[in-house]
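Residues per chain, in single letters:
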Amino acid sequence: MEPPPYHESEFVPMKERRDEGPAVVQYTTVRIDRTEPMPRDHIIWSLCCLLYANPLCLGLAAFCYSIKARDRKVAGDLEGARKHGSNALCLNILALILVVIMIILFFVYLDNALFYLHQMILHL
């Protein structure tokens, strides 16, 4: 089989090439100075509270507020991001306090149970 005939009229260059010398590249730098720090979303702490210790679903609520804070930060609403980040921080602190109290109560209960078990064994 023969290739189709080449017609000069079908060839149209996209851009003419002119040798005018080296190309000049311009760089633009935009510097944004912030006087206040970016709001924190505490997403890692919220994720740990969600996965490892989730008393009363506080870890889930904190994770939701962290996601909202991150979305607000990306959207440019820094005040909304601060508010949601603060809510996530409070819920994370509350969840941590409850977990620490539960661990302390567990060890106190375990100590008392072992003490009473030891007393029962001695009186047999």
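Anything mentioned here points back to the structure above.
Asks: Please clarify how the state of the cysteines should be interpreted in this entry.
Replies: Working definition of a disulfide: a covalent bond connecting the sulfur atoms of two cysteines. Applying the stated rule across the entire model yields zero disulfides. A disulfide-free cysteine, Cys48 has its sulfur positioned 7.2 Å from the sulfur of Cys49, the nearest such atom.

Asks: How do you make sense of the nonpolar core when you look at a structure like this?
Replies: Soluble globular proteins tend to pack their nonpolar side chains together in the buried interior. Listed in full, the five residues of the largest apolar core are Cys49, Leu58, Ala62, Leu91 and Ala95. Contributing elements (two or more residues each) for this core: helix H2 (58-75) and helix H3 (78-122). Dropping the residues within four chain positions of it, Ala95 is found in contact with Cys49, Pro55 and Leu58.

Asks: Any chance you could explain the pattern of salt bridges here in plain terms?
Replies: Two side chains of opposite charge can pair, provided their charged atoms sit close to one another. Under the counting rule described, the total for this entry stands at three salt bridges. The residue Asp41 makes a salt bridge to Arg70 at a minimum N-O spacing of 2.7 Å. Here Arg70 lies in helix H2 and Asp41 lies in the segment before helix H1 (43-51), a separation of 29 residues in the sequence. Its relative accessible area of 39% is what places Arg70 among the partly exposed residues. A salt bridge links Arg72 to Asp77, with the nearest nitrogen and oxygen atoms 3.8 Å apart. According to the relative accessible area criterion, Asp77 is partly exposed, its value standing at 32%.

Asks: How do you make sense of unusual backbone geometry when you look at a structure like this?
Replies: What you tend to see is this: most non-glycine residues have negative phi, and most peptide bonds are trans. You will see that His42, though not glycine, has its phi angle at about 55°, which is positive. Structurally, His42 can be placed in the segment before H1. The class of His42 is buried, set by a relative accessible area of 17%.

What counts as what
Residues numbered from 1 in each chain as written. Predicted model: local features only at pLDDT ≥ 70, side-chain atom pairs only at ≥ 80, totals over all residues. Heavy atoms only, no water. Disulfide = S-S within 2.5 Å. Core = buried A, V, L, I, M, F, W, Y, C linked by side-chain atoms within 4.5 Å. Buried < 20%, exposed > 50% of the residue type's maximum accessible area, 1.4 Å probe, protein only. Helix = DSSP H or I, 4+ residues; strand = E, 2+ residues; numbered from the N terminus. Contact = heavy atoms within 4.5 Å. Salt bridge = Lys/Arg side-chain N within 4 Å of Asp/Glu carboxyl O.

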